[in-house]
Amino acid sequence: MTHFQYMIVGGGMAADAAANGIRELDADGSIAIISDDVDEPYTRPALSKKLWTDEEFSEADNFLGTAENTGAQIYLRTEVSAVDADRRTVTTAEERFEFDKLLFVTGGRPKSLDLEVGERVIYFRSFADYRRLREFSGRDLNVAVIGGGFIGTELAAALVQNSTNTTLIFDDETLGASVFPSDMARSFHDLYRSHGVRLVPETKVSGGRLEADHVSLDFDGGPHEFDAVAVGLGIEPTTDLAEQAGITTDDGILVDESLQTSRPNVYAAGDVARYPDRLLGRQRVEHVDNATQMGTAAGRIMAGSDESYTHTPYFYTNVFDFGYQAVGTLDPSLRTVEDWVQPHSEGAVSYLDEGERVQGVLVVNRKGQLDAAREILAEDWAHAPSDLVHRLTSDD
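Residues numbered from 1 in each chain as written. Predicted model: local features only at pLDDT ≥ 70, side-chain atom pairs only at ≥ 80, totals over all residues. Heavy atoms only, no water.

1. With respect to helix 1 (residues 13-25)
Rules: Labels follow the DSSP assignment, with helices taken as runs of H or I lasting at least four residues and strands as runs of E lasting at least two, numbered in each case from the N terminus. Working rule for helices: expected span equals 1.5 Å times residues minus one. Under the scheme applied here, a residue whose accessible area is under 20% of the maximum for its type counts as buried, over 50% as exposed, and between as partly exposed, the area being computed with a 1.4 Å probe on protein chains only. Contacts were defined at the residue level, with two residues in contact if any of their heavy atoms lie within 4.5 Å.
Taking 1.5 Å of rise per residue, the 13 residues of helix 1 would be expected to cover 18 Å, and the 19 Å separating its terminal C-alpha atoms lies within 8% of that figure. Those residues of helix 1 that sit buried are Met13, Ala14, Ala15, Asp16, Ala17, Ala18, Ala19, Gly21 and Ile22. On its buried side, helix 1 packs onto strand 1 (2-9), strand 2 (31-34), helix 3 (66-70), strand 6 (96-104) and helix 8 (288-302).

Here's what the structure looks like:
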């Protein structure tokens with residue numbers, strides 16, 4: 001069996017970050033990354049953002065250079081069939097490996113519909129998915145996007161800005177209603193309409209069929225034909241291997257403050273890890289800041305650091321001329337305090353629970369406010385609106 005000091009199962013951004021974290025403390029320890037992807041680690045946010053909007057940013061620019069930067073041996077198109085935490089082995093169809101320490105960064109699988117995957121049906125997650133969807137853009141074709149969350153809204157914006165007739169199908173009455181206060185959601189909704197996206201709200205696709213030259217979707221009482229369909233309904237954490245290895249899971253792989261699982265020398269990070277956030281309690285976060293920060297910390301910890309993971313990650317989106325950064329929980333059913341410099345286009349929104357404690361902070365089109373937003377989250381007392389207005393919007 002081939003032996004590695006550090007075994008990383010999963011090949012996303014958290015894997016790259018972990019390999020770099022290892023190298024901060026261990027310049028020579030052997031690292032293996034086993035990935036079922038066809039590509040070496042790459043920047044995932046660009047798949048629905050920068051690759052569509054920045055002509056100077058190429059597909060080649062999107063790779064992270066993990067092997068070159070860290071010396072990790074990367075096994076692509078390789079599925080792990082079993083992990084034995086006691087014997088410290090990882091088994092694939094081709095061979096079995098031994099490890100000293102192992103990190104799960106297995107991410108998640110896209111949520112699916114009664115609609116089979118095909119050349120024209122893309123459950124959007126990977127670089128390969130981007131390349132397939134890109135083939136249907138820029139030719140005045142009709143493409144449907146299913147899902148009104150991060151991936152769905154970003155893909156719809158990307159497609160319509162690249163000469164594609166775009167239809168966005170989503171559950172909410174108003175686009176963004178599950179995240180923003182009502183007036184802000186209506187403004188977000190209108191932003192998409194003004195850019196030519198056909199919006200189909202309050203609608204669930206019950207299924208569909210992949211035909212020879214189109215996709216037929218079932219919604220609103222009948223079939224609707226499109227040249228291609230992109231599905232962006234979020235992910236389910238990939239915990240199968242951990243569960244089979246006897247590792248504790250609960251909507252992700254449970255880890256402690258040192259990112260260790262219930263088994264010694266086995267760790268988890270990124271989208272799949274459910275960790276104790278110092279401000280928000282136990283969380284599982286599916287955003288790039290968490291993947292890179294947690295991955296780096298996991299690598300250092302495996303290499304001997306005694307640190308704990310104390311970072312509260314942020315998340316963000318950029319569509320058209322609208323962008324935001326946020327920390328915590330964005331739930332419009334909570335009480336909201338809005339503080340606008342320009343209504344719904346520049347300002348901040350705080351989300352408060354019944355005890356008037358801030359649970360989430362949204363900052364719209366203003367940079368450099370994340371640390372201040374985290375300070376507000378850390379304040380464990382009741383907040384009046386006057387405590388929050390101008391807190392993140394003052395230029396003083």
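2. With respect to the pattern of salt bridges
Heads up, the rule is: Definition used for salt bridges: Asp or Glu carboxyl oxygen within 4 Å of a side-chain nitrogen of Lys or Arg.
One pass over the structure, following the stated rule, counts 21 salt bridges. In this structure, Asp84 engages Arg87 in a salt bridge whose closest nitrogen and oxygen atoms are separated by 3.1 Å. Using a relative accessible area of 66% as the deciding quantity, one classes Arg87 as exposed. The partner of Asp380 in a salt bridge is Arg357, with the nearest N and O atoms 3.2 Å apart.

3. Details of the pairing of strand 1
Condition: At least two bridges found by DSSP between two strands is the condition for calling them paired.
Alignment of strand 1 against strand 6, held across seven bridges, turns out to be parallel. Across the sheet, residue Tyr6 finds its bridge partner in strand 6, namely Lys101. The pairing of strand 1 with strand 2 spans four bridges and is classified as parallel. In the sheet register, Tyr6 faces strand 2, and the bridge partner there is Ile31.

4. Overview of the sheet that holds strand 9 (residues 142-146)
The condition is simple: Where helices are involved, their axes are fitted lines through C-alpha atoms of the stretch in contact, as for all axes, and angles between N-to-C directions lie from 0 to 180°.
Within the open sheet, the five strands sit side by side as 8-15-9-10-11. Their pairing is parallel. Since the sheet does not close on itself, it has two edges, and those belong to strand 8 (121-123) and strand 11 (198-200), each with one partner. Put simply, the sheet's adjacent strands are angled 20 degrees from each other on average, direction ignored.

5. Looking at the packing of aromatic side chains
Filter applied, for reference: Pairs were defined over the aromatic rings of Phe, Tyr and Trp, the Trp ring being its six-membered one, requiring ring centres within 6.5 Å. Orientation was assigned from the angle between planes: stacked under 30 degrees, edge-to-face over 60, tilted for the rest.
The tally for this structure, following the rule as stated, stands at 18 aromatic pairs. Taking 6.0 Å as the distance between ring centres and 55 degrees as the angle between the ring planes, the aromatic pair formed by Phe127 and Tyr130 counts as tilted. Here the residue Phe127 and the residue Tyr130 both occupy positions in helix 4 (residues 127-134), the gap between them amounting to three residues, near one helical turn. Exposure class is identical for Phe127 and Tyr130. Each is buried. Pairing Phe188 with Phe322 gives two aromatic rings, centres 5.4 Å apart and planes at 55 degrees, and the pair type is tilted. Of this pair, Phe188 sits in helix 6 (residues 182-194) while Phe322 sits in strand 22 (residues 322-328), and the two are 134 residues apart along the sequence. Classification of Phe188 by relative accessible area gives buried; the value is 7%.

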